[in-house]
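Chains, contacts and geometry: an overview
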Amino acid sequence: MRHIRGTALTAAALLTLLGGAAFTAPAAQAAAPFPSIGWQQRNCDYDGNGFDDVLIGAPGATVSGATGAGYVTVQYSSSSGLSTTKKSVLHQNTSGVPGGTEAGDGFGRAVASGDLDNDGYDDAIVGVPGEDLAGLSNAGGATVFWGSPTGLHGSDSTWLENPGQLRAGANFGRAIEAGRYFAPDPADPDANPRDSVAVLENDALLFFTAPPGAAAQQLKPTDQGGQAPDATPLETGFALRSLSRGNYNEDAWADLAISGVTTGDEPGIGATQVLHGAPGAGAMEDGGAFEGGPAVVSSDFNQDGQDDLAIGDTGVGSPVGGSVSVYLGQGDLSGLGSTPAQRWTQDSPGIPGAAEAGDRWGAEMSSGDTDGDGLPDLAVGAPGEDIGSVSNAGAVWALRGAPGGLTATGARGFDQNHPDIPGGAETSDRWGEQVRLVDANKDGLFGLLAAAPGENTNDGVAWVLPASSSGLVAKGTWTYDGARLGAPAANAQFGAAIDE
């Protein structure tokens, strides 16, 4: 076990780092089992046609002459699959979007989706962590685009920021996740069911929802949230990096995994905190702290009807090259087990390749059913993987699902030097820095989106790998970038964020 100044990274300690005094310990209660909400229930259908759409960020793009202003693209899917013609390109100079493009805003550095107004159309939330506000550099913000029969538009978009304490360098919007973590009105939990937004700053977690009596699109901060204090019992800080939502404890509320790395005297150690949802935001409960981070993804890997949590550990003290640990739900209200049921590395039997320092295996993950057997598989990105003598070219692996959880049987690895994958491995492409498994045509097979934000000297490109009854295959892979979607391409870092 890794330690920080001789003190184990416990749930209580990490909650303290999150300002956790408001979070309560789990209480005994009875509840009917609630199904998993991981890969089986995506929330990215912005035009309501029943097909999953794709939201991609290009935070480095120059827009209206502003370097690094950034944009996002939306690709709308249909029975024909993922389209590059039916799409939207959105940024802060899009008509109706709050603010305006400025150098270094990083619009699209983080993206997420959820039905925030419960109208049947999913909404998109876009992080702008480099936004300057009130003269404060990189205070950060986020924009909500509301779904409609014609998709996403700027005309009715909504701005979010930290209303209580704007701070220089806070980077509000660096990570975002939406879920039904609590009821807008705790006194009437069944009224106005809708998703809420969880937003990370560097050291704070904030929630936004439409309160009782407010218009559905008037998102307000809740009383619950946390900011890391200047000093903690661990004598270190904690940099928050990623979020994932699932249902780990079989109640009626989504739970939230918050992952990051330590700062201060012993920086870079990965750790993850889970918060259990509750009828009210202030009643969210401690779901435990877990070693590893800063990547997390939720899915029901062992098919017991309850979500599990995969943690990608690429921090200081992680296994050489990185690892993925799977913590299973216990089938009751207690949530995730305290020790991993599985731990994978590139040196695990059956996994192609070998673990090497700097691979960052597990830096990015996505779950979906790539072979149509009804079991969730796991895509694992290693953007630091060297391909031959080419450093940081990047690669992606697919672990197959099995009745008891993930298996290495049939595991496959892919990189740009595969003869059926367009392009070639180049230094610092970072292929696999973002991955997403998506069933765009609703045929039950989840294909792979693998992005290389460093491709073509940071222009960024996305690859689409098909799925088959035997899993992901390289044959038939195709690519696209911002230019193909009618957006700026130069130094765009297209694919630096893809909604899970």
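Residues numbered from 1 in each chain as written. Predicted model: local features only at pLDDT ≥ 70, side-chain atom pairs only at ≥ 80, totals over all residues. Heavy atoms only, no water.

If you check an unreviewed UniProt entry, the protein appears there as Esterase from Streptomyces agglomeratus.

The next point concerns the pairing of strand β12 (residues 204–209). Burial analysis of β12 places six of its six residues in the buried class, which makes it a mostly covered element. Hairpin geometry of strand β11 (residues 196–200) and β12 is characterised by an intervening segment of three residues between the two adjacent antiparallel strands. (Buried < 20%, exposed > 50% of the residue type's maximum accessible area, 1.4 Å probe, protein only. Helix = DSSP H or I, 4+ residues; strand = E, 2+ residues; numbered from the N terminus. Pairing = 2+ DSSP bridges.)

As a further point, take the nonpolar core. Across soluble globular proteins, nonpolar side chains show a tendency to be buried alongside one another. Counting residues in each nonpolar core, the largest one holds 24 residues, and the members touching the most others are Ile351, Trp361, Leu378, Trp397 and Leu399. Elements represented by at least two residues in this core include exactly β18 (294–299), β20 (323–327), β23 (377–382), β24 (395–402) and β25 (405–414). Within the second largest apolar cluster, 21 residues are counted, among which are Ala69, Ala451, Phe494 and Ile498. (Core = buried A, V, L, I, M, F, W, Y, C linked by side-chain atoms within 4.5 Å.)

A word on the confidence of the model for the protein. Of all residues in the protein, 89% attain a pLDDT of 70 or more, and the chain-wide mean is 89. Low pLDDT (under 50) marks residues 19–34, which in the prediction has 29 contacts with non-local residues, meaning those over four places away or in another chain. Counted against residues more than four places away or in other chains, residues 227–235, with its pLDDT under 50, gives 21 contacts. (pLDDT = per-residue confidence, 0-100. Contact = heavy atoms within 4.5 Å.)

Structurally, the position occupied by alanine 487 is in the loop between β31 (478–480) and β32 (497–498). Its relative accessible area of 9% is what places alanine 487 among the buried residues. Ignoring sequence-local partners within four residues, the contact set of alanine 487 consists of Tyr71, Val89 and Gly482.

This paragraph deals with the pairing of strand β14 (residues 238–246). The element β14 is largely enclosed, with a buried count of eight among its nine residues. In this sheet, strand β15 (residues 255–262) lies alongside β14 in antiparallel orientation, the contact comprising eight bridges. In the strand pairing of β15, phenylalanine 238 is matched with threonine 262.

Pairing in this open sheet of four strands is antiparallel, and the strands run β26-β27-β28-β31 from one edge to the other. Two strands in the sheet have a free side with no partner beyond their single neighbour: β26 (434–438) and β31. Between one strand axis and the next, the sheet turns through 20 degrees on average, direction left out of account. Bridge count for strand β28 (residues 461–465) against β31 is three bridges, and the pairing is antiparallel. (Axes fitted to C-alpha atoms, helices over the stretch in contact; angles between N-to-C directions.)

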